[in-house]
Amino acid sequence: MECLATKKSRDHRKRFHRDDSCPSDEGSDPPLKKQRSNNAKKSARDSETLEMVLSREEAHKIIKEKLGVEMPDCFYEVWEFCRSLNAEQPLDALKSAGLTLVGPYDILAGRFTGKDLSRASCLRHCRYVYDPPEFQTVLQGNKRTGFHIGYFRDDPDSLPVFLASNKAEEGYHISPQGENLFAAIMLYIAGELKSTGSKDPSKAAALKGISKQLKEWLESSKLDIPLENKTQKNETER
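Residues numbered from 1 in each chain as written. Predicted model: local features only at pLDDT ≥ 70, side-chain atom pairs only at ≥ 80, totals over all residues. Heavy atoms only, no water.

**Side note on the packing of helix α3 (residues 56-67) against helix α4 (residues 73-85)**
If you want to describe how two helices pack, look at the angle between their axes and the distance between the axes. Interaxial distance between α3 and α4 falls to 12 Å at its minimum, and their mutual angle equals 130°. Comparing the axis directions of α3 and α4 gives the class oblique. With respect to the hand of their crossing, α3 and α4 are arranged in right-handed fashion. Contacts between α3 and α4 involve Arg56, Ala59, His60 and Ile63 on the former and, on the latter, Asp73, Phe75, Tyr76 and Glu77. Grouping the constituent residues of the contact of α3 with α4 by class yields four nonpolar, one polar and three charged. (Axes fitted to C-alpha atoms, helices over the stretch in contact; angles between N-to-C directions. Helix = DSSP H or I, 4+ residues; strand = E, 2+ residues; numbered from the N terminus. Parallel < 35°, antiparallel > 145°, perpendicular 65-115°, else oblique. Left-handed = near helix turned anticlockwise from the far one by under 90°. Contact = heavy atoms within 4.5 Å. Nonpolar A, V, L, I, M, F, W, Y, C, P; charged D, E, K, R; others polar.)

Okay, here's the thing in structure tokens:
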């Protein structure tokens, strides 16, 4: 998919950055250098205990205030699923599959609570150099390639149209990943299993384990969320 940011007017882009000025990419770091800088500031992330977990209502209010958008139900349901896997560190619940919850999930984890952060700072949070304004990262994967998955919406007043992925270290190409976040995760797992094959049995077992737990959680929660993608098969290797 061609980078849609080049086709959008400045007025359209400003709708996604409704503070006085659009955050500028000028002088920004290359994608992974920027992420490494952020990771250095959060070096204790893997070992720290989350101080609090916001309720859906509280998170909805802060996300709307800081990011200017509303998140779909699947965003919150994936959070509940991850909490069922790792109540103390839900952001890292999918780490065995190579994914970390980021972006607005940091709000659900209480990381923005009590902090005086500007709208511009929040909009730049977990953004990569090639991400158009319409792209909102919620999962980070392979750091070597800068792989990340996010919601893509045409209008900040509307819910996302689909999930997409990008490899920031390889270019601006954006690949559709499904209509909901659960389907995107399953598509990612399928792609990883295909590329892993029999080369790494432990990784394959971890991927299959997350897939099994996800399906069982959806069934026990009685959520009618389709896991099959209608948009496009995952053609990228991570």
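**Things to note about α4**
The end-to-end C-alpha distance of α4, which contains 13 residues, comes to 19 Å, matching closely the 18 Å that a straight helix rising 1.5 Å per residue would cover. For α4, the set of buried residues is Cys74, Phe75, Tyr76, Glu77, Val78, Trp79, Phe81 and Cys82. (Expected span 1.5 Å × (residues − 1). Buried < 20%, exposed > 50% of the residue type's maximum accessible area, 1.4 Å probe, protein only.)

**With respect to the environment of Thr145**
Mapped onto the fold, Thr145 is located in the loop between β2 (135-140) and β3 (147-152). Take Thr145: its relative accessible area is 2%, and that puts it in the buried class. For the pair formed by Thr145 and Lys167, sequence separation is 22 residues and the distance between their alpha carbons is 5.4 Å. The contact partners of Thr145, leaving out residues within four places of it in the chain, are Lys167, Ala168, Glu169 and Glu170.

**A look at the side chain of Gln136**
Relative to the helices and strands, Gln136 is located in strand β2. Excluding residues that lie within four positions of it along the chain, Gln136 makes contacts with Leu67, Val69, Met71, Pro104, Ile149, Gly150, Tyr151 and Arg153.

**Section: empty space enclosed by the protein**
Under the criterion given, the structure shown has two cavities of 30 Å³ or more. One number sums up the size of the largest cavity: a volume of about 260 Å³. What lines the largest cavity is a set of 21 residues, among which Leu67, Leu123, Arg127, Phe135 and Gln136 lie closest to the centre. When contributions to the lining of the largest cavity are tallied by element, the ones reaching two or more residues are α6 (119-124) and β2. For the lining of the largest cavity, the residue count by class is 12 nonpolar, five polar and four charged. (1 Å grid on protein atoms, 1.4 Å probe; cavity = no way out; pocket = protein on both sides within 12 Å on 5 of 7 lines; lining within 4 Å. Points joined across faces, edges and corners; volume = space filled by probe spheres on them.)

**Quick word on the confidence of the model for the protein chain**
The predicted model of the protein chain averages 77 in pLDDT, with 70% of residues at 70 or higher. Overall, residues 1-7 carries pLDDT values under 50, and its contacts beyond four positions in sequence, including any with other chains, amount to 11 contacts. Confidence drops under a pLDDT of 50 for residues 232-238, and excluding neighbours within four residues, the segment shows 17 contacts in the predicted structure. (pLDDT = per-residue confidence, 0-100.)

**Some remarks on the sheet that holds strand β5 (residues 174-178)**
The antiparallel open sheet is built from five strands, whose spatial order is β1-β2-β3-β4-β5. At either end of the open sheet lies a strand with only one pairing partner, and these are β1 (100-101) and β5. The pairing of β2 with β3 spans five bridges and is antiparallel. Paired with Thr137 across the two strands is Gly150, which belongs to β3. Strand contacts of helix α7 (residues 181-196): β2, β3, β4 (162-167) and β5, with the helix running at about 155° to β3, the strand carrying the most contacts. (Pairing = 2+ DSSP bridges.)

**Quick look at unusual backbone geometry**
Backbone geometry at Lys222 places phi at a positive 55°, although glycine is not the residue there. Structurally, the position occupied by Lys222 is in the segment after α8 (201-221). A relative accessible area of 74% means that Lys222 is categorised as exposed.

**Observations concerning α8**
If you check α8, its first and last C-alpha atoms are 30 Å apart, about what 21 residues at 1.5 Å a residue would give, namely 30 Å. Every buried residue of α8 is listed here: Ala204, Leu207, Ile210, Ser211, Leu214, Trp217 and Leu218. Buried residues in α8, looked at end-on, bunch into an arc of 165°, giving them a common side. In α8, the exposed positions that point more than 90 degrees away from the buried face belong to Pro201, Ser202, Lys208, Lys212, Glu219 and Ser220. With its phi angle positive at about 55°, Lys222 sits one or two positions after the end of α8. (Arc of directions from axis to C-beta.)

**Remarks on the packing of aromatic side chains**
By convention here, two paired aromatic rings are described through the distance between centres and the angle between planes. What the rule picks out here adds up to nine aromatic pairs. Consider the rings of Phe147 and Tyr188, whose centres lie 5.8 Å apart with planes at 25°: the pair is stacked. One end of the pair, Phe147, is in strand β3; the other, Tyr188, is in helix α7, with 41 residues separating them in the sequence. Residue classification places Phe147 among the buried positions, given a relative accessible area of 1%. (Phe/Tyr/Trp six-rings, centres within 6.5 Å; stacked < 30°, edge-to-face > 60°.)

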